Amino acid sequence: MKFALSRRHKRLLVVVSTRSRRRAIFLLGGVAIGAAAAALAQLADLAQSAFAAMLGHSRYLPFVVTPLGFLISVYLTTRFFQNAQGSGIPQAIAARRLTDQTARGRLVSLRVAVGKFVLTLFGLLVGASVGREGPTVQIGASIMFALGRLSPRRQPALILAGASAGVAAAFNTPLAGIIFGIEEMSRSFETRSSTLIIAAVVAAGLTSIALLGNYTYFGTSAMALRGGVDWLAIPACGVVGGLAGGVFSRIVVAAGGLPAITRHPLLLALGCGLAVAICGFVSGDTIYGTGYAEVKSALEGGTPLPTEFGVLKWLATTLSSVSGLPGGIFSPSLAVGAGLGSNIAALFAETPIAAIMLLGMVAYFSGVVQAPITAFVIVIEMTDNHAMVIPLMATSLIAYASSRLVSNEGIYHALARRFVP
């Protein structure tokens, strides 16, 4: 006896099958993103170690290696991996805004992801002041886009989930990944997609933890402001960090629209690489790469960073971003903020220096991206310091307002406009 499904049951079966497939895509994508983020993290450490070993042989080698490395990276990007330049977050934002699948594929594809992965590592290998977290966002969005080819109507949600999972896996900050997706990537809360995005973040986070272990990105900092004079550091860091972040954004965005720069990308890359090498030499070799090791050591030890670190790291990161080579600004921005906070701490002799460095980190990062909630959530999760929640929130808001005086839009959304016709 044959069993015939009614039309209603057939429709229900199709709906259940479609939803199951969609959930499987988000979970599988999350696992793949977590694995990619873990691999990039491990290889990034090896690349920076190799550059440090080269410095051990001679501090003058970067005057050759870094400029040539910048030139090669930009050449490979423009020749073989177009749209892999910069951090990759603007491309992911732009891909969500586009409706044409072909146009999206030019910004978030497996080819772009491979180029981003390899050339980010190459940038760290030659001493560029870049990070791996922004690239992980574009890689995550590209993986989700590739897996979601069978569900084109869900592509914006898939790209959003991939980007959020990328942040969560790169920093081991699941809450910040979700907040980043809402505040920075979409600028809205999508109820229908929220559970699937959280599932992708969880899958990516668990995969990253399984491969790298459960860790706090910048270690654990228990320092806090005690009140009174200490709290004056909040507006000081907020204004200085916000203005510095706004100026950085303004320069990077403006540089991309100058004909003199866009006509000679290889010469620009060569010059930027040489300038970064000079910054590195003057800083005593402290501003190359992400800045992660220097900042983590200062926070855990409660020791100041070199006086010139913040300014030179700002300059090296600006030059690396303007050059057009693939690489993110997350970690370098946090390092710049820590350096500025260390400078401001000299005005507050009785205040724990690690606490003011945290304020500087959230202030500068908020000033660059103009996403104040993401800024303080990510710093809290990366340092496991909940005693600083209110000071970090206040500093982030002050920095956001200060940055708006210089730049009327965050760097990622301003750069995303270049990729949307």
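Structure's up top.
Heads up: these notes are all about the structure in this document. Each chain has its residues counted from 1, running along the sequence as written. Reporting in this predicted model follows two pLDDT cut-offs: at least 70 for local features of residues, and 80 or more for side-chain atom pairs to be given and counted; totals over whole chains, interfaces and linings ignore these cut-offs and use all residues. Excluding hydrogens and water, the side-chain values take into account all heavy atoms of the structure.

### Observations regarding the overall build of the protein
- Counting from the N terminus, the helices are the DSSP runs of H or I reaching at least four residues and the strands are the DSSP runs of E reaching at least two. Summing up its helical and strand segments, the protein has 19 helices and zero strands in all.
- A buried classification covers 56% of the 421 residues belonging to the protein.
- In the protein, of all internal contacts separated by at least 6 residues, the share reaching a separation of at least 24 is 82%. In this scheme, a residue with accessible area under 20% of its type's maximum is buried, one over 50% is exposed, and one in between is partly exposed, where area comes from a 1.4 Å probe on protein chains only. Here a residue-residue contact requires only that any non-hydrogen atoms of the pair lie within 4.5 Å.

### Here we look at the nonpolar core
- Here the nonpolar core consists of buried residues drawn from Ala, Val, Leu, Ile, Met, Phe, Trp, Tyr and Cys, with membership extended through side-chain atoms lying within 4.5 Å. With 118 residues, the main nonpolar core has Ile378 and Leu392 as its most contacted residues.
- Not counting residues up to four positions away in its chain, the partners in contact with Leu392 are Leu358, Leu359, Val362, Phe376, Val379 and Ile380.

### Here we look at the pattern of salt bridges
- For salt bridges, the criterion is a side-chain nitrogen of Lys or Arg within 4 Å of an Asp or Glu carboxyl oxygen. Evaluation of the coordinates by the stated rule reveals three salt bridges.
- For the salt bridge of Asp285 with Arg59, the shortest nitrogen-to-oxygen distance reads 2.8 Å. Taken together, the positions of Asp285 in the loop between helix 12 (265–282) and helix 13 (292–301) and Arg59 in the loop between helix 1 (7–57) and helix 2 (62–80) put the pair 226 residues apart, joining distant regions of the chain.
- With its nearest N and O atoms 2.8 Å apart, the salt bridge here joins Arg417 to Glu409.
- You can call Glu409 buried: its relative accessible area is 19%.

### Things to note about unusual backbone geometry
- With a phi close to 75 degrees, Asn83 is a non-glycine residue in the positive phi region.
- Along the polypeptide, Asn83 turns up in the loop between helix 2 and helix 3 (89–97).
- Backbone geometry at Asp285 places phi at a positive 70 degrees, although glycine is not the residue there.

### A few points about the packing of aromatic side chains
- In summary, the pairing rule links any two rings of Phe, Tyr or Trp, Trp by its six-membered ring, whose centres are within 6.5 Å, and it sorts them by plane angle into stacked for under 30 degrees, edge-to-face for over 60 and tilted for everything else. If you walk through the whole model with that rule in mind, you get eight aromatic pairs.
- Put simply, the rings of Phe180, Phe330, Phe365 and Tyr412 pair up and form one aromatic cluster.
- The rule for a charge over a ring is simple: NZ of Lys or CZ of Arg within 6 Å of the ring centre, and within 35 degrees of the ring normal. Over the aromatic face of Phe281 sits the side chain of Arg59, whose NZ or CZ is 4.2 Å from the ring centroid.

### Considering the side chain of Ser402
- Within the secondary structure, Ser402 is located in helix 18 (residues 389–404).
- With a relative accessible area of 8%, Ser402 lands in the buried category.
- For Ser402, the residues in contact, after removing those within four places along its chain, are Gly238, Val239, Gly242 and Leu243.

### Regarding the environment of Gly88
- Counting through the fold element by element, Gly88 comes out in the loop between helix 2 and helix 3.
- With relative accessibility at 0%, the residue Gly88 sits in the buried group.
- For the pair Gly88 and Gln138, spaced 50 residues apart in sequence, the C-alpha to C-alpha distance is 5.0 Å.
- When neighbours within four sequence positions are excluded, Gly88 is seen to be in contact with Lys116 and Gln138.

### Things to note about the packing of helix 15 (residues 330–344) against helix 16 (residues 353–369)
- Lines fitted to the C-alpha atoms define the axes, with helices restricted to the stretch that makes contact. Angles between their N-to-C directions range from 0 to 180 degrees. Running from N to C, helix 15 and helix 16 point in directions that differ by 130 degrees, and their axes come no closer than 6 Å. Comparing the axis directions of helix 15 and helix 16 gives the class oblique. In this structure, the crossing between helix 15 and helix 16 has a hand that is right-handed. Listed contacts from helix 16 to Phe330, Ser333, Leu334, Val336, Gly337, Ala338, Leu340, Gly341, Ser342 and Ile344 of helix 15 are Ile353, Ile356, Met357, Gly360, Met361, Tyr364, Phe365 and Val368.
- Only Asp, Glu, Lys and Arg are considered charged in this grouping, and only Ala, Val, Leu, Ile, Met, Phe, Trp, Tyr, Cys and Pro are considered nonpolar; every other residue, Gly among them, is considered polar. Counted by class, the contact of helix 15 with helix 16 contains 13 nonpolar, five polar and no charged residues. Oblique is the label for any angle not under 35 degrees, not over 145, and not in the 65 to 115 range, which are roughly parallel, roughly antiparallel and roughly perpendicular in turn. Crossings are classed by handedness, with left-handed meaning an anticlockwise turn of the near helix from the far one by less than a right angle and right-handed meaning a clockwise turn.

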